[in-house]
Amino acid sequence: MLARGVEPYPVGVPVTTTIAEVREQYEGALEAGEETQDVVGVAGRVVFQRNTGRLCFATLQDGAGERLQVMLSEGEVGAESLEHFKHDVDLGDHLFARGRVIRSRRGELSIFAEEWQIASKALRPLPVLHKDLSEEARVRQRYVDLIVRPEARDVARLRARVLRAVRDYLHGRDYVEVETPVLQALYGGATARPFTTHLNAFDMEVFLRIAPELFLKRAVVGGIERVFEISRNFRNEGVDSTHSPEFTSLEAYEAYGDYDTMATLTRELIQAAALEGTGSTLVTLADGTEYDLGGEWTTLSLYESLSEKIGEEITPETSVEHLLRLVEKFDDDVDPIRQTHGKLVEELWEHHVGDHLWEPTFVRDFPLDTSPLTRAHRSKPGVVEKWDLYIRGTELATAYSELVDPVVQRERFEAQAALIAAGDVEAMRLDEDFLTAMEYAMPPAGGLGLGIDRLLGAITGLGIRETILFPFVRPLG
RNA sequence: GGGGCCGUAGCUCAGCUGGCAGAGCAGGGGACUUUUAAUCCUCGGGUCGCGGGUUCGAUCCCCGCCGGCCCCA
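As a starting point, this report considers the structure included with it. Here the structure is a predicted model, which means the values were calculated and not measured.

The next point concerns the protein's contact with RNA strand B. Of all residues adjacent to RNA strand B, which total 35 residues, the nearest are Arg50, Asn51, Ser104, Arg106 and Asp331. By atom count, sugar and phosphate contribute 60% of the portion of RNA strand B lying within 4 Å of the protein. Contacts to RNA strand B include Gln69, whose side-chain N or O atom sits 2.9 Å from a base nitrogen. Between Ser104 and RNA strand B, the recorded distance is 2.3 Å, taken from a side-chain N or O atom to a base oxygen. For the surface near RNA strand B, the secondary structure elements donating two or more residues are β1 (35–51), β2 (55–61), β3 (67–73), α2 (74–77) and α4 (135–140). Partitioned by chemical class, the residues of the surface near RNA strand B number 10 nonpolar, 10 polar and 15 charged.

Glancing now at the pattern of salt bridges. What the rule picks out here adds up to 33 salt bridges. Glu229 serves as the salt-bridge partner of Arg209, at 3.0 Å between the closest nitrogen and oxygen. Here Arg209 is found in the loop between β9 (204–208) and α7 (213–221), whereas its partner Glu229 is found in strand β10 (residues 226–234), with 20 residues between them in sequence. What makes Glu229 buried here is its relative accessible area of 3%. It is possible to trace a salt-bridge network through shared partners that takes in Arg138, Arg142, Asp145, Arg149 and Glu466.

Another aspect to go through is the packing of α7 against helix α13 (residues 432–439). Any two packed helices are characterised by the angle at which their axes cross and by the distance between the axes. At a minimum axis separation of 9 Å, α7 and α13 run at an interaxial angle of 25°. In terms of axis orientation, α7 runs roughly parallel to α13. Considering how the two elements wind past one another, α7 and α13 form a crossing that is left-handed. Judged by residue contacts, Leu214, Lys217, Arg218 and Val221 of α7 engage Asp433, Phe434 and Ala437 from α13. Of the residues assigned to the contact of α7 with α13, the class counts are four nonpolar, no polar and three charged.

Moving on to the sheet that holds strand β4 (residues 94–103). The mixed closed barrel is built from five strands, whose spatial order is β1-β2-β3-β5-β4. Within this sheet the neighbouring strands show an average axis-to-axis angle of 50°, counted without direction. Relative to β2, β1 runs antiparallel, the two being bridged by six bridges. The partner of Asn51 across the bridge, within β2, is Cys56. Together, β1, β2, β3, β4 and β5 (109–120) form the strand contacts of helix α1 (residues 19–26), whose direction differs from that of β1 by roughly 125°.

Definitions and limits used
- Residues numbered from 1 in each chain as written.
- Chains lettered and ligands numbered in written order.
- Predicted model: local features only at pLDDT ≥ 70, side-chain atom pairs only at ≥ 80, totals over all residues.
- Heavy atoms only, no water.
- Near = heavy atom within 4 Å.
- Polar contact = N/O pair within 3.5 Å; in protein donor to acceptor, adjacent residues only side chain to side chain.
- Helix = DSSP H or I, 4+ residues; strand = E, 2+ residues; numbered from the N terminus.
- Nonpolar A, V, L, I, M, F, W, Y, C, P; charged D, E, K, R; others polar.
- Salt bridge = Lys/Arg side-chain N within 4 Å of Asp/Glu carboxyl O.
- Buried < 20%, exposed > 50% of the residue type's maximum accessible area, 1.4 Å probe, protein only.
- Axes fitted to C-alpha atoms, helices over the stretch in contact; angles between N-to-C directions.
- Parallel < 35°, antiparallel > 145°, perpendicular 65-115°, else oblique.
- Left-handed = near helix turned anticlockwise from the far one by under 90°.
- Contact = heavy atoms within 4.5 Å.
- Pairing = 2+ DSSP bridges.

Next comes the structure, spelled out in structure tokens:
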């Protein structure tokens, strides 16, 4: 091609019409074998080629996966041009063709080319289009996955629709979207290990955020009373089908709301996102099981549902020793750091109840010691006003009646400091500036955290690595 | 952290009891003016993940490492 002076990567080609527009305009309009005199210029990636001698066929695909056939005949483009086409054009190339819109004798809508040009030459062959790419190849080379697998393109577009639905819903409730620091001098808002980096200008250690919570609450103190952020968070922990080292969350805070307010908001938000994303609240998983996100959702009490399941009364007074014996029935190596009342109760509950909740279910009223940012329950002793939302056996969202009392908040931080001293690397750090903000008085508020990647999974039935366009993979070599 | 399965051509995969490395698609050459994963003839294509060991001989058996997936904690 270069020897003939053909440019393999031209600056542009004279496209007049997209493939989708041609399909839309002529789809129902032409009989098999019927020709128009309408000349269009189209471009797309060559995904199939068929060559019958003096007539060649190429199927072009656009970015959304729409396809259109191009026909090149010796009579129309000339023998020399057709020879060059056969020699130069491979699967995977971007091709431009200008010609009349016709329908072939076999009924395929086509462009009958009078002129063609390579719009961009592919140097690597396309994978087989009729077999699934291996899971590893999909994730490592998502750009190839997107070319060959319609589902990959659909997920990327569905994610965009869901995010827009989330924003639309919150804007409809007068929420303000803000952006808070990713780079933080002190991390907080969740119990997790952070990524650490170094700020050269101040010669200090800084952290990537594990959650935006403490900054969003500062915003509420300042008067942004309905505030949300769609936040990329970083947690330096295990990687599996439900955990990614970086993930996207929605956090939302509503002054004068509580955890009940946030439950209604969460249900409506997820239902709106499902309808906008897939047109239905019914979800079918790969193995055929179904669940419905529509209607009202079940609510459980954490202690009551656990007690019922194991046939024994568990309360906030149940001793650590007794809980440990119950956990050791299925986990024979409990980390000493995890041997607190709250952590053991939560592990028991997840094992016996949470892992089996497929239909959307709110579980309410958690142990106090594992929820240092949540207010104590207004009437039940020993628990906090917090719920977790479970769908498909995993935690999708959590919400609190937020703790706004700066004196109690300081005590909670001090209890966390004791855990740090005992070696708990996930315990929360005391944040003096956050406490100072609270001392200026934060209005009573409900707060919500929701995993966007898991929301995509709950709506589509896919794993987290399918819902993230470019998940982190260990480099080769 | 423990267990299981997997890694062979650009892609998807075969490869028997250890004996010269295989197919389909993709790619090169040829035939064919209405194909739909076109068809037909033909050719090229390999660090069998990496490193050791056993053996006359290892893609195959053993050990270690790297990478992936699944299950368990």
